[in-house]
Amino acid sequence: DDAIEFFGQHVDNHPYCVSAWYNMGLFQMQMGHYSDAIESFGFANAITPNDILILISTGRCYLCIDNYSKAKEAYEEIIEIEPDSIEGMSGLAESLEMLDEYAASTKYCKRILEIDPENADSWYRLASLCIRQEKFIESYEHIKRSIECDDQDSHSWALLAENLLILDQFEEAIAAYDRSIDIDPQQHQSWLAKGISFFHEVDEDEGIRILKEGIEHLSENADLHYGLSALLLLSGREQQGLQYLQLGLDLDADKQSILFQIYPEAAQLPRVLDLIQP
């Protein structure tokens, strides 16, 4: 906050200082103020057009707010300036994947790997693209390659676990989720997936315990609260489930769909409807 205030005062006095606009945007991005950061990067880009770093940061902000079309535009501009930019092609591949343009995304991943065969992000992206297209064996091979290149990325271990679950290798999948969590205990998706898997495949109480443990690490994460609410409701513990549903709503009401993804029949429970439709 102090840095943003400092750079804000600086650009008031020196409105054509590109480094001040850019640095203010970086701090705004760090704080999650993505729209403000995009505006700051826009001023920086107006002063110094075609700056790769400014465009990369702009594209990342658009990805963070799920504006994939605008992110695509930013990364395409980078490619026009520097055709072999790894950062540009990587961001463009991610944008294209989220826009369901799988063939184009795959093309850029493969271009990156021609330049850098050990690029873990591109192997990860290829695995993600394959899993979206239900090419599970190919996805498994790609994500294993990603982990060979970088075994300290929690997202890669989580995607490996997802592959293993699809391939009915439950114990190996749980071990991969555990590895993901060991690397990054803040990886809420791994906590959620591991808890749900245990609930359905091994023991309901253990699945619930896992999500409660996840919430101990991530007390402000709405996804885990909705997930735990769903499992409690599924197991017949309605009062406890409603308590966690209320906590989830208090944290982020817009994510309530997670409850119904895990337990669609919850939409038929009168007390659930009373909470989400006051």
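Residues numbered from 1 in each chain as written. Predicted model: local features only at pLDDT ≥ 70, side-chain atom pairs only at ≥ 80, totals over all residues. Heavy atoms only, no water.

Colleague: With reference to specific residues and values, describe the overall build of the protein.
Modeller: Counting secondary structure elements, the protein contains 17 helices and 0 strands. Reported as C-alpha extents along the three principal axes, the dimensions of the protein are approximately 60 × 45 × 30 Å. Summarising the internal contacts of the protein: among those between residues at least 6 apart in sequence, 47% fall at separations of at least 24. Within the structure as shown, the protein displays about 14200 Å² of accessible surface, and the carbon and sulfur contribution to it stands at 47%. Of the charged side chains in the protein, 18 are positive and 52 negative; the average position of the first set lies 5 Å away from that of the second. (Helix = DSSP H or I, 4+ residues; strand = E, 2+ residues; numbered from the N terminus. Contact = heavy atoms within 4.5 Å. Areas by Shrake-Rupley, 256 points an atom, 1.4 Å probe, with all protein chains shown as cover. Lys, Arg positive; Asp, Glu negative; His and termini not counted. Charge placed at Lys NZ, Arg CZ, Asp CG, Glu CD.)

Colleague: Can you explain the packing of aromatic side chains? Please cite residues and give values.
Modeller: The description of two aromatic rings rests on the distance between their centres and on the angle between their planes. Tallied over the full model, the rule gives 5 aromatic pairs. Seen from their ring centres, Phe-6 and Phe-7 are 5.2 Å apart, and the 75° between their planes marks the pair as edge-to-face. The class of Phe-7 is buried, set by a relative accessible area of 16%. Consider the rings of Tyr-22 and Phe-41, whose centres lie 5.6 Å apart with planes at 45°: the pair is tilted. One end of the pair, Tyr-22, is in helix α2 (residues 18–30); the other, Phe-41, is in helix α3 (residues 34–47), with 19 residues separating them in the sequence. Among the aromatic side chains, those forming a connected cluster through ring pairs are Phe-6, Phe-7 and Phe-27. (Phe/Tyr/Trp six-rings, centres within 6.5 Å; stacked < 30°, edge-to-face > 60°. Buried < 20%, exposed > 50% of the residue type's maximum accessible area, 1.4 Å probe, protein only.)

Colleague: Report on the pattern of salt bridges, specifying residues and quantitative values.
Modeller: Across all of its chains, the model carries 15 salt bridges by this definition. In this structure, Lys-70 and Glu-73 form a salt bridge, with 3.7 Å as the shortest nitrogen-oxygen distance. Of this pair, Lys-70 and Glu-73 both sit in helix α5 (residues 68–81), 3 residues apart, which is roughly one turn of the helix. For Lys-70, a relative accessible area of 36% translates into the label partly exposed. Judged by its relative accessible area of 46%, Glu-73 is partly exposed. Put simply, Arg-125 and Glu-94 hold a salt bridge, and the shortest N to O gap is 3.6 Å. Of the two residues, Arg-125 sits in helix α8 (residues 120–132) while Glu-94 sits in helix α6 (residues 86–98), which places them 31 residues apart along the sequence. (Salt bridge = Lys/Arg side-chain N within 4 Å of Asp/Glu carboxyl O.)

Colleague: Hey, could you go over α3 for me, with residue numbers and the actual values?
Modeller: In a regular helix each residue adds 1.5 Å, so 14 residues correspond to 20 Å; α3 covers 20 Å between its end C-alpha atoms and thus fits that length. Looking at the packing, one finds that the buried side of α3 touches α2 and α4 (52–64). (Expected span 1.5 Å × (residues − 1).)

Colleague: Requested: an account of the nonpolar core, with residues and values cited.
Modeller: Core analysis: the biggest nonpolar cluster contains 44 residues, and Leu-245 and Leu-259 have the highest contact counts within it. Here this core gets 8 residues from one element, more than from any other, and that element is helix α14 (residues 222–234). Apart from residues lying up to four places away in sequence, Leu-259 is in contact with Tyr-226, Ser-229, Ala-230, Leu-233, Leu-245, Ala-266 and Val-272. Ala-20, Ile-56, Ile-112 and Leu-129 belong to the second-largest nonpolar core, a separate cluster that totals 36 residues. (Core = buried A, V, L, I, M, F, W, Y, C linked by side-chain atoms within 4.5 Å.)

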